[in-house]
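Residues per chain, in single letters:
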Amino acid sequence: MQLNLARTLQRSAANGPGERFVIWVQGCPLACPGCWNPDTWTAQPRMLRDTQDLIAEILATEGLTGVTFSGGEPFIQARALTEVAREVRAAGLSVFIFTGFTRAELKSQAARALLAVTDVLVCGRYVASERVYDLPWRSSANQRVHFLTSRHGPADMAQAPEAEIRIGPDGQLTLTGLPGSKLLGSI
Amino acid sequence: MSAYITLMTPMTDEECLLAALADVGFDRTKVEVHVSPVSLVGYQGDQRTQTANLVIRRQHVGSASNDVGFLLTPTGYQAFVSGYDHPRFGAGWLERLNQQYQLHAEAKQQRMAEEERQHLEAARKKLVEAQRATICAKAKKLGYQVKETRAGDSIRLVLVKRTY
């Protein structure tokens, strides 16, 4: 199976509990105003990855706690992500998903299959008027965190970093996570 | 008086030419270096019309020899060798000299490329460190705890503020 991705990050501490391999999928029909990643809205092919090839890369990355699906809208590519989630969980990794859909909207068979192999779900549209800076893993107050298994719990939110900055060998800065406006403005 | 024969050479770099001359037996103690060309001297002590920037005085060339000189021109050094000295220091000698010159020129080019690479690498590291220091300072000022890890040439800064 193939996935249409925006980008991946082999290691991040700001996209869910612990050290995580982060996958930003390409394509989102929700197009929330003020979205942090509007470049991921279009469903045009961007970075096509074979699921087995991606799984192999994840499993070859040492020291991971789990995998995070973000985007873009992960549930638009639920079937391929279910394959990834199932195999990485079998290898002991947890699965964390950021989705713009509400829990009630995730009723399709494909969505339910993906939820069945998910440990933590953060769901709900991004609503700019409800922007928050002090809720871990959420960027607007309407969004909800669901711990679907006992693998992770509220205690994991205690030390959740707001943001992570990478300085590449060429000096290029990459910012990920949910940074507050003061931090964004400052940097 | 033995007339000078003029030979154009492809050699353009003073440092490499001096090194090549040393290789063929004329080290720096035997070669005069002049920013402005000076007159060459014949075997009887007579000043010649030819001038050169690099001069091997006749006593280092041979008992009845004339000065050997190299004049810097826009297209390369021009060699002046007298007809008397030409059998020993003519085209064949210049060819050997040029071969040594090319070796030194190549080594110098590599050395300069490496120096340039090191210079760029130092500038890159300085930029990355400056960015790191700036971000850390700003984040700490905003109350963040900064956890830094490095992987190869990449730096990761994890910013933690919340304590729930």
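Cut-offs applied
Residues numbered from 1 in each chain as written. Chains lettered and ligands numbered in written order. Predicted model: local features only at pLDDT ≥ 70, side-chain atom pairs only at ≥ 80, totals over all residues. Heavy atoms only, no water. Helix = DSSP H or I, 4+ residues; strand = E, 2+ residues; numbered from the N terminus. Buried < 20%, exposed > 50% of the residue type's maximum accessible area, 1.4 Å probe, protein only. Lys, Arg positive; Asp, Glu negative; His and termini not counted. Salt bridge = Lys/Arg side-chain N within 4 Å of Asp/Glu carboxyl O. Polar contact = N/O pair within 3.5 Å; in protein donor to acceptor, adjacent residues only side chain to side chain. Contact = heavy atoms within 4.5 Å. Core = buried A, V, L, I, M, F, W, Y, C linked by side-chain atoms within 4.5 Å. Phe/Tyr/Trp six-rings, centres within 6.5 Å; stacked < 30°, edge-to-face > 60°. Lys NZ or Arg CZ within 6 Å of the ring centre and 35° of its normal.

1. Comments concerning the side chain of E73 of chain A
All names here are of chain A.
No. 1: Note that E73 resides in the loop between β4 (66–70) and α2 (78–90).
No. 2: Despite its burial, E73 pairs with no opposite charge; the closest candidate is R125, at 7.0 Å N-O.
No. 3: Polar side-chain contacts of E73 include one of 2.7 Å to the side chain of T99.
No. 4: Within the local environment of E73, its side chain forms a polar contact with the backbone nitrogen of G100, the two atoms lying 2.8 Å apart.
No. 5: Sequence-distant contacts of E73, that is, excluding residues within four places in its chain, are made with V25, G27, C28, P29, L30, T99, G100 and F101.

2. Things to note about the nonpolar core
No. 1: I23, I58, F69, F75 and L114 of chain A are the most contacted members of the largest nonpolar core, which has 33 residues in total.
No. 2: Looking at this core, the elements with two or more residues in it are β1 (2–12), β2 (20–25), α1 (51–60), β4, α2, β5 (94–98), α3 (109–115) and β6 (120–123) of chain A.
No. 3: For this core, the leading source of residues is α2 of chain A, giving six residues.
No. 4: For F75 of chain A, the residues in contact, after removing those within four places along its chain, are I97, T99, F101, L106, A111, L114, L115 and L121 of chain A.
No. 5: Residues A20, L21, F26 and L94 of chain B belong to the second largest nonpolar core, which totals 21 residues.

3. Considerations on the packing of aromatic side chains
Residues and elements named next belong to chain A.
No. 1: Taken as a whole and judged by the stated rule, the model has eight aromatic pairs over all chains.
No. 2: Between the aromatic rings of W137 and F147, the centroid separation amounts to 6.4 Å while the plane-to-plane angle is 65 degrees, which identifies the pairing as edge-to-face. A residue pair is termed long-range when its members are at least 10 positions apart, and W137 in the loop between β6 and β7 (144–147) and F147 in strand β7 qualify at ten residues.
No. 3: A network of ring pairs unites the aromatic residues F96, F98, W137 and F147 as a single cluster.
No. 4: In this structure, R7 packs its charged tip against the face of W24, placed 5.5 Å from the ring centre.

4. Some points on the environment of T68 of chain A
Residues and elements named next belong to chain A.
No. 1: Mapped onto the fold, T68 is located in strand β4.
No. 2: C-alpha separation for the pair T68 and G16, spaced 52 residues apart in sequence, amounts to 7.0 Å.
No. 3: If near-sequence neighbours (up to four positions away) are discounted, T68 is found in contact with N15, R20, F21, V22, I23, F96 and F98.
No. 4: Among the polar contacts made by the side chain of T68, one reaches the side chain of R20 at a distance of 2.7 Å.

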